[in-house]
Amino acid sequence: MGNVSSPVGHRTVADRVVARLVDAGVRTAFGVHGANIEDIFDAARRHPRLRPVVAKHEFGAGAMADGHLRLTGEPTAVLTTSGGGALNVVPALGEAYDSRVPVIALIGSAPSPTVGRGGFQDMLDPPDTVDLRAVLSGVTGFCGLVDEPSGLDRVLDAAFATTARGLPAAVILPKDVQCSHGPGADAIADRPADVDTVPATVVDGLADRLAKVTRDGGTVCIWAGDEASRLEMSDAVDDLAHLLGAAVVVSPGGRDIGRSWCSGVTGVMGHPSAHRAVRDAQVLLVIGCRMSMTDRAGLDDALATIPIIHLGSAPPRTPAAAEHIRAPHLADTVDALRSSLADRVPRRRAPRVLPIEYLPVVPSTSAIGMRDALVIVGEALPAGCAVFADAGNTGAAAIHHLPFGDGRFVVALGMGGMGWAIAAGIGSAVAAGGRVVVIAGDGSFLMHGLEIHTAIEHHAPVTLIVLNNDAHGMCVTREARFFPDTPSVNRFRHTDIAGGLAAMFAGLPVRSATDLPTLRSACVELLSRPGPNCIVVDVDPDETPPFAPLIARGTP
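In short, a report on the structure. From a predicted model like this one, the values you see are computed outputs, not experimental measurements. (Residues numbered from 1 in each chain as written. Predicted model: local features only at pLDDT ≥ 70, side-chain atom pairs only at ≥ 80, totals over all residues. Heavy atoms only, no water.)

**Description of the overall build of the protein**
So the rule is basically this: The helix count covers DSSP runs of H or I at least four residues long, the strand count covers runs of E at least two residues long, and both are numbered beginning at the N terminus. This radius of gyration counts C-alpha atoms alone. The globule rule is 2.2 Å times how many residues there are, raised to the power 0.38. Burial classification: accessible surface area is computed with a 1.4 Å probe over protein chains only, and a residue below 20% of its type maximum counts as buried, one above 50% as exposed, and the rest as partly exposed. Just so you know, the count uses Lys and Arg for positive and Asp and Glu for negative, and it drops His and the chain ends. For this purpose, a charge sits on NZ of Lys, CZ of Arg, CG of Asp or CD of Glu.
Helix and strand content of the protein: 24 helices and 17 strands. For the protein, the C-alpha radius of gyration of 24 Å lies close to 24 Å, the compact-globule estimate for 556 residues. A principal-axis box enclosing the C-alpha atoms of the protein has dimensions of 70 × 60 × 45 Å. Within the protein, the fraction of its 556 residues that count as buried is 57%. Of the charged side chains in the protein, 46 are positive and 59 negative, and the gap between their average positions amounts to 4 Å.

**Remarks on the sheet that holds strand β5 (residues 142-145)**
Rules: Paired strands, as defined in this entry, are two strands with at least two bridges between them according to DSSP. For helices, the axis comes from a line fit to the C-alpha atoms of the stretch in contact; other axes are also lines fit to C-alpha atoms, and the angle between any two N-to-C directions lies between 0 and 180 degrees.
Read from one edge of the open sheet, six strands run β2-β1-β3-β4-β6-β5, paired in parallel fashion. In this open sheet, the two edge strands, each paired with only one partner strand, are β2 (51-54) and β5. Pairs of neighbouring strands in the sheet enclose a mean axial angle of 20°, with direction left out of account. Sheet analysis places strand β1 (residues 28-31) next to strand β3 (residues 77-80), joined by three bridges and oriented parallel.

**Re the packing of aromatic side chains**
Keep this limit in mind: In summary, the pairing rule links any two rings of Phe, Tyr or Trp, Trp by its six-membered ring, whose centres are within 6.5 Å, and it sorts them by plane angle into stacked for under 30 degrees, edge-to-face for over 60 and tilted for everything else. Sitting over a ring, as applied to charges here, requires NZ of Lys or CZ of Arg to be within 6 Å of the ring centre and within 35 degrees of the ring normal.
Under the criterion given, the structure shown has one aromatic pair. When the ring of F388 is compared with that of W420, the centres are 6.2 Å apart and the planes differ by 40°; the resulting orientation is tilted. With F388 in strand β12 (residues 386-389) and W420 in helix α18 (residues 420-432), the pair connects residues that are 32 residues apart, well separated along the chain. A residue is classified by how much of its surface remains accessible, and W420, at 2% relative accessible area, is buried. Over the aromatic face of Y97 sits the side chain of R100, whose NZ or CZ is 5.0 Å from the ring centroid. For the cation-ring pair, R255 lies above F409, with the distance from its terminal atom to the ring centre recorded as 5.3 Å.

**Some points on the sheet that holds strand β17 (residues 533-538)**
The strand order across the open sheet built from six strands is β13-β12-β14-β15-β17-β16, with neighbouring strands paired in parallel fashion. In this open sheet, the two strands that pair with only one neighbour each are β13 (409-411) and β16 (510-513). With strand direction ignored, the average angle separating the axes of adjacent strands in the sheet is 15°.

**Things to note about the nonpolar core**
Note the threshold: Definition of nonpolar core: a set of buried residues of the types Ala, Val, Leu, Ile, Met, Phe, Trp, Tyr and Cys, connected through side-chain atoms within 4.5 Å. It only takes one pair of heavy atoms within 4.5 Å for two residues to be counted as in contact.
If you look at the biggest cluster of nonpolar residues, it comprises 73 residues, and the most contacted ones within it are L210, I222, L285, I287, L337 and L341. Sequence-distant contacts of I222, that is, excluding residues within four places in its chain, are made with V237, L240, A241, A246, A247, V248, V249, L285 and I287. Residues C143, V430, V438 and L508 belong to the second largest nonpolar core, which totals 60 residues.

Written out as structure tokens, the structure is:
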């Protein structure tokens, strides 16, 4: 046991870094090992309360950290070495930045004596080298370099203050600094000061206004988004809807807020019924939705005429005039609003519900239709199961057609990177342990599908469902609509993904479905089994996805 260090007695800077992570609530760190981050990995491996998970690619590691934080709210870290490893994590941090997911990234760098002297993977001597600080600063809210041990806590304090504001942060740690003796004090530095709460007078004033709308016979529409989803505010939104007799719609990232009282999803992959609910409103109460283009497409004309009250930690992204009430503690603010409304509303009323209306997509006649496939998958999901949906046609179909359930639904639309959901779902299953279902296309699988190896190594309870149309399906649809006279570059020869996985990973349960009864049987069998497994479903590359710009006439 002599190899195990005390989590309090910090022998090196690496030990101190790990202790600070643990103190901040981090229990799982995802990454890829390498020479200039190995000391942090070693310290993490020796700490009894931190679990290091090795991914297959740094993008995957960053997505794992991001996805786990979105699903559980638990702080997470990603660890990468220098050079290509540091650059590979940039797209994952870009997604976290745009979606306001406060991942902390620890990036190893070449030893200080080699900086500016031709050191391998030196990235700290611009313009002669890649400017790592500039690169990371573009995808995080803070990027700091620990150039000597005495500066460690100052940089970490700034990084944690940044994550407390809901933004990712990066800390660059040269190899020699990691190995140095740790800072003298063992006491953990104070946590960043908490951010202000919304004053009670503001909450009560909002309650007065909303209550008056309902008393005057007006219609309120509640629009919930990804921040509300991450805070698991479904019950709170339900209570507000009953207090106000309001309609409820959700953005794609807030889909799991929707229940039987939801009128659908908004945006380019959404439901016409949700858009009608917004257009019919006299007041729009937006909760934790950034109102980005994917959330609001098709609604800008209506939003220009409807009073909008926006609650969230970050302001909305809409050209329409919106009253933004900054709510760093959104769940607490909404709870206060519920209490205030209960004192002002004489009785609870049934929410206004518009039956879900789907976009008119012509079903496939040559393969399993995505809508039929996702209905079957939805019916077989275990209670409380989390679903991660990926990009492209698959993501659009999942957002639009998957039945509303009682579990979490996670999608990354900040950058919309293919393969994100595969890694994010696997990371969440590894760290949290609950059953996760990932729905991805074959294009996403070919990018990052081998992260299934990470799930196998950790016996993670994840089911990877690959909808295989042997194409970049969204691109095929766009080619057909906008470049009809140009031969497609997005159709591929058939790939036997199921056969390949079965051959690569002995013991991994894999099923292939070319018809609906086989798919139903595979879902019933595998979604209730422990550990990782995979279902590959053949679908039609020419099936138009439920993506409004590709169905209605318009421009790209």
